[in-house]
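Residue-level listing of the chains:
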Amino acid sequence: MTTALENLPPAIAWFGRLLRRYPRAGRQLNRAAAPFENLTKVLMFGCNMCGQCILHETGMTCPMNCPKTLRDGPCGGVRMNGHCEVKPEMMCVWVKAERRSRWLPWREEILRVQEPLDWRLKGSSAILNMFSGPLLDERGRP
Ligand code: SF4
């Protein structure tokens, strides 16, 4: 997971640098913020707290609800009716993502190739991770 601080507004980039400079405090803040993020995003998007949010690029559809947790598009098993091959009662997350993306001004972002998921960040605040990048302790925990 990379964080392009230069692409963030100056105040947020400054905050991200501050968190990196004091990683222990950054981790504590992240742990404190994660439950609030969890609560709001679970209710709104069915978030699974992967810690590396790409809702913006998936038509505000959480790709972690895919039974195969595919983050780069659908597998080859999507049914003719657009449903999942693993859970036939469920619409494919990526069919939903593509349909919803059509309504967004940044619709082309669904085409972006995603970085591999860093599973160590699961459960942490994706918003703070976006600002600071991963702030892992010596045991690799967020
Ligand atoms: S992509 Fe990750 S952080 Fe974003 S809603 Fe899905 S599980 Fe939550």
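Predicted, not measured: the structure shown is a model, and the values here were computed from it.

Peer 1: Got a minute to help me understand the pattern of salt bridges in this structure?
Peer 2: It is possible for side chains of opposite charge to pair when their charged atoms get near one another. Evaluated as defined, the whole model comprises seven salt bridges. The partner of Lys68 in a salt bridge is Glu85, with the nearest N and O atoms 2.5 Å apart. Here the residue Lys68 occupies a position in the loop between α2 (23–45) and α3 (93–101), and Glu85 occupies one in the loop between α2 and α3, the gap between them amounting to 17 residues. A single network of salt bridges, built from pairs that share partners, joins Glu57, Glu109 and Arg112.

Peer 1: What is the right way to read the site of the ligand from this model?
Peer 2: Around the ligand lies a shell formed by Lys41, Cys47, Asn48, Met49, Cys50, Cys53, Ile54, Leu55, Cys62, Pro63 and Met64. For the shell around the ligand, a count of residues per class yields nine nonpolar, one polar and one charged.

Peer 1: Can you walk me through the nonpolar core in this structure?
Peer 2: Across soluble globular proteins, nonpolar side chains have a tendency to be buried as a group. In terms of nonpolar packing, the biggest core is built from seven residues, these being Cys66, Met90, Cys92, Val93, Trp94, Val95 and Ala97. If near-sequence neighbours (up to four positions away) are discounted, Met90 is found in contact with Asn65, Cys66, Pro67, His83 and Cys84. If you look at the next biggest cluster of nonpolar residues, it comprises six residues, including Leu8, Ala13, Leu128 and Phe131.

Peer 1: Which parts of the structure should I look at to understand the side chain of His83?
Peer 2: Tracing the backbone through its elements, the reader meets His83 in the loop between α2 and α3. Of note is the side chain of His83, whose polar atom sits 2.8 Å from the backbone oxygen of Pro88. Not counting chain neighbours up to four residues away, the residues in contact with His83 comprise Val78, Pro88, Glu89, Met90, Met91 and Cys92.

Peer 1: Just to check I follow, could you spell out the environment of Gly51 for this structure?
Peer 2: Within the secondary structure, Gly51 sits in the loop between α2 and α3. A relative accessible area of 2% places Gly51 in the buried class. Considering only alpha carbons, one finds Gly51 and Arg120, 69 residues apart in sequence, at a separation of 8.7 Å.

Peer 1: For this particular structure, what's the right way to read the domain arrangement of the protein chain?
Peer 2: Often, the extent of an interface is quoted as the loss of accessible area on bringing the components together. Taken domain by domain, the protein chain holds domain 1 (1–52 + 117–133) and domain 2 (54–114). A C-alpha centroid distance of 23 Å is found between domain 1 and domain 2. With nine residues of domain 1 at the interface, the matching set in domain 2 holds eight residues. Each partner contributes to the roughly 670 Å² buried at the junction of domain 1 and domain 2, and carbon and sulfur atoms together form 63% of this total.

Parameters at a glance
- Residues numbered from 1 in each chain as written.
- Predicted model: local features only at pLDDT ≥ 70, side-chain atom pairs only at ≥ 80, totals over all residues.
- Heavy atoms only, no water.
- Salt bridge = Lys/Arg side-chain N within 4 Å of Asp/Glu carboxyl O.
- Helix = DSSP H or I, 4+ residues; strand = E, 2+ residues; numbered from the N terminus.
- Near = heavy atom within 4 Å.
- Nonpolar A, V, L, I, M, F, W, Y, C, P; charged D, E, K, R; others polar.
- Core = buried A, V, L, I, M, F, W, Y, C linked by side-chain atoms within 4.5 Å.
- Buried < 20%, exposed > 50% of the residue type's maximum accessible area, 1.4 Å probe, protein only.
- Contact = heavy atoms within 4.5 Å.
- Polar contact = N/O pair within 3.5 Å; in protein donor to acceptor, adjacent residues only side chain to side chain.
- Domains from an automatic or database assignment.
- Buried area = accessible area lost by both parts, 1.4 Å probe.

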